[in-house]
Amino acid sequence: LQNTQPETPRKKPQVLKHSARPLSVTSALCGPEAPPARADAIFRVTMVPGDGVGPELMTAVKEVFRAGDVPVEFEEFHLSEVQHMDSDEKLEEVLTSMKTNRVAMKGKINTPMEFKGELASFEMKIRRRLDLFANVVHVNSLPGYSTRHNNLDLVIIREQTEGEYSSLEHESVPGVIECLKIITREKSRRIAKFAFDYATKKGRNKVTAVHKANIMKLADGLFLQCCAEVAELYPKIKYENIIIDNCCMQLVQNPYQFDVLVMPNLYGNIIDNLAAGLVGGAGVVPGESYSAEYAVFETGARHPFAQAVGRNIANPTAMLLSAANMLHHLNLEYHSNMVSDAVRRVIKQGKVRTRDLGGYSTTGDFVQAVVGNLRHRPLY
């Protein structure tokens, strides 16, 4: 932006409404103690706190960002199907903001189990409208916190726009419900290609397709066929397939055999939660969802944790790590490393741990410990 006031020594930061990596922001470090380059741009990000402890976790993110001088401005919307904040107008406002900013942080929007006249939840409407077809959950052990399996490092990639989440159910005759599972060649090939591209970019060696083609011979058979076809285009990456029930057992017994797993919608939801339990639970695993244009960052295992609301006991680790991943996506490498390093340092020290990790610290205690471990210099 051109400076219109000659007396002002520096120009006003520009507000960016998209996720493109701007030339005006450089956050690479010359060394471990080097200060970050000055940010000439502020990124605007949509924030949807969701239900349960979502608002508390988002407050933790905002506190850490404020303490770290992170150049991000949040555009916040409260959307809920269980708190009477679920109008179509409000959903359109959220979607408009997400499409404008192209990057969002989202908590879990709780989906009521009772039927209210519409089958598609707000979660599914957002995914479909933004075409957030790929959900990525990186399951990584946290140094300093021991579990049955340590040093885990695997990635779960889930197609999340069709399958059993197609919201196509009807009562054919009284007492008989038909629920349609939709699998298409186009979207199966798309998620398979995403998985192999991810493995190539991240230096991974193997992709495993998870399925139930021995029972659903047509639907999962098509998904498996598409994965095999795409695998032929990536000869340097090893390809395997495994049945979903065996995959669950193998993950519990020997998760080290897996690298990148790709699967249809429902299997991905189950495996995400199982794998999160291997490294500490829903409170420690970040996740993100991608389309060709948009990116939404959230926790890897999506739980509202409603029983913890207002008790100051939720673990903000997953949301803070997800926020760090968002900063990486925005090319704010210094700030991304600053936040993620601070979180991992607190866990490794072992002095401040929330109840889910065997400690007695509150959410506020953990956030303050993270803030105390931030290594940053003023941007201006």
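In the annotation of an unreviewed UniProt entry, the chain is listed under the name Isocitrate dehydrogenase [NAD] subunit, mitochondrial and assigned to Esox lucius. If you open the UniProt record of the chain and go to Subcellular location (unreviewed entry), you find "Mitochondrion". Under the heading Sequence similarities (unreviewed entry), UniProt records this for the chain: "Belongs to the isocitrate and isopropylmalate dehydrogenases family."

Undergrad: Help me understand the pairing of strand β12 (residues 286–290) in this model?
TA: Each regular strand displays side chains that alternate between the two surfaces of the sheet. Burial of β12 is extensive: five of the five residues sit out of reach of the surface. Here β12 shows no split at all, with P286, E288 and Y290 on one side and G287 and S289 on the other all buried. Note: strand β5 (residues 134–140) against β12, four bridges, orientation antiparallel. Its bridge partner being in β12, V137 is matched across the sheet by G287. As paired strands, β12 and strand β13 (residues 295–299) are joined by five bridges and run antiparallel to one another. Residue pairing across strands places S289 opposite V296, the latter belonging to β13. Linkage of β12 to β13, two consecutive antiparallel strands, is achieved through a turn of four residues.

Undergrad: Got a minute to help me understand the packing of helix α9 (residues 333–349) against helix α10 (residues 363–372) in this structure?
TA: For any two helices packed against each other, one specifies the inter-axial angle together with the distance between the axes. As a packed pair, α9 and α10 sit with axes 8 Å apart at the nearest point and diverge in direction by 115°. As for how α9 packs across α10, the hand of that crossing is right-handed. Of α10, the residues touching α9 (which contributes A342, V343, V346 and I347) are F366, A369 and V370. Class assignment of the residues belonging to the contact of α9 with α10 gives a composition of seven nonpolar, no polar and no charged.

Undergrad: Any chance you could explain α10 here in plain terms?
TA: Side chains that are three or four residues apart share a direction in an α-helix, a result of its 3.6 residues per turn. Those residues of α10 not exposed but buried are T363, F366, V367, A369 and V370. Each buried residue of α10 sits inside an arc of 160° when the element is viewed along its axis, so together they form one side. Each element contacted by the buried residues of α10 is listed here: α1 (54–67), α8 (317–329) and α9.

Undergrad: Any chance you could explain the packing of helix α2 (residues 88–101) against helix α3 (residues 122–130) here in plain terms?
TA: Running from N to C, α2 and α3 cross one another at 40°; their axes reach a closest spacing of 11 Å. Classed by the angle they form, the pair α2 and α3 counts as oblique. Read as a crossing pair, α2 and α3 show a hand that is right-handed. Judged by residue contacts, D88, L91, E92, L95, M98 and K99 of α2 engage F122, K125, I126, R129 and L130 from α3. Of the residues contributing to the contact of α2 with α3, the split by class is six nonpolar, no polar and five charged.

Undergrad: Looking at this structure, how should I read the side chain of N101?
TA: Within the element layout of this structure, N101 appears in helix α2. Side chain to side chain, N101 and T46 meet in a polar contact 2.8 Å long.

Undergrad: What exactly am I supposed to notice about the state of the cysteines here?
TA: One way to say it: the disulfide is the covalent bond shared by the sulfur atoms of two cysteines. Summed over the entire model, instances satisfying the criterion amount to zero disulfides. Considering cysteine sulfurs only, C227 is the nearest to C226, which forms no disulfide, with 7.0 Å between them.

Undergrad: Before we go on, may I ask you to explain the pairing of strand β6 (residues 153–159) in this structure?
TA: Counting buried residues in β6 gives six out of seven residues, a clear majority hidden from the surface. In this structure, β5 lies alongside β6, joined through seven bridges in antiparallel fashion. The partner of V139 across the bridge, within β6, is L154. Note that β6 and strand β11 (residues 260–263) share four bridges and pair parallel.

Undergrad: Quick question: what am I supposed to make of the confidence of the model for the chain here?
TA: Detailed reading of the predicted model is not advised wherever pLDDT is low. In the predicted model, the chain carries a mean pLDDT of 86, and 86% of its residues have values of at least 70. This model gives residues 1–12 a pLDDT under 50, and the stretch forms nine contacts once residues within four places in sequence are excluded. A low-confidence stretch, residues 19–38 stays under pLDDT 50, and its non-local contacts, those more than four residues away or across chains, total 40 contacts.

Undergrad: How do you make sense of the packing of aromatic side chains when you look at a structure like this?
TA: Two measures describe an aromatic ring pair: the distance that separates the ring centres and the angle between the ring planes. In the structure shown here, the tally under the stated rule is six aromatic pairs. Look at Y290 and F297: their rings are 6.2 Å apart centre to centre, the planes differ by 85°, and that puts the pair in the edge-to-face class. Considered together, Y290 and F297 belong to a single accessibility category, that of buried residues. Put simply, the rings of F133, F194, Y290 and F297 touch in pairs and so form one group of aromatic residues. Over the face of the ring belonging to Y165 we find R158, whose NZ or CZ atom lies 5.3 Å from the ring centre. It is R190 that lies over the ring of F133; its NZ or CZ is 4.0 Å from the centre.

Undergrad: What is the right way to look at the pattern of salt bridges in this model?
TA: Side-chain pairs of opposite charge can arise whenever the charged atoms involved come near each other. For the structure shown, the criterion picks out 17 salt bridges. Here E164 makes a salt bridge to K181, at a shortest N to O gap of 3.2 Å. One end of the pair, E164, is in the loop between β6 and β7 (169–173); the other, K181, is in the loop between β8 (176–179) and α4 (185–202), and 17 residues separate them in sequence. Salt-bridge contacts for D245 lead to K212; the nearest nitrogen and oxygen are separated by 3.0 Å. Taken together, the residues span a long stretch of sequence, with D245 in helix α6 (residues 244–253) and K212 in the loop between β9 (206–211) and α5 (219–231) at a distance of 33 residues. K212 gets classed as buried once you look at its relative accessible area, which sits at 16%. Among the charged side chains, a network of salt bridges with common partners joins K106, E123, R127 and E298.

Cut-off values and rules
Residues numbered from 1 in each chain as written. Predicted model: local features only at pLDDT ≥ 70, side-chain atom pairs only at ≥ 80, totals over all residues. Heavy atoms only, no water. UniProt positions renumbered as here; feature names shortened; annotations may be inferred. Buried < 20%, exposed > 50% of the residue type's maximum accessible area, 1.4 Å probe, protein only. Helix = DSSP H or I, 4+ residues; strand = E, 2+ residues; numbered from the N terminus. Pairing = 2+ DSSP bridges. Axes fitted to C-alpha atoms, helices over the stretch in contact; angles between N-to-C directions. Left-handed = near helix turned anticlockwise from the far one by under 90°. Contact = heavy atoms within 4.5 Å. Nonpolar A, V, L, I, M, F, W, Y, C, P; charged D, E, K, R; others polar. Arc of directions from axis to C-beta. Parallel < 35°, antiparallel > 145°, perpendicular 65-115°, else oblique. Polar contact = N/O pair within 3.5 Å; in protein donor to acceptor, adjacent residues only side chain to side chain. Disulfide = S-S within 2.5 Å. pLDDT = per-residue confidence, 0-100. Phe/Tyr/Trp six-rings, centres within 6.5 Å; stacked < 30°, edge-to-face > 60°. Lys NZ or Arg CZ within 6 Å of the ring centre and 35° of its normal. Salt bridge = Lys/Arg side-chain N within 4 Å of Asp/Glu carboxyl O.

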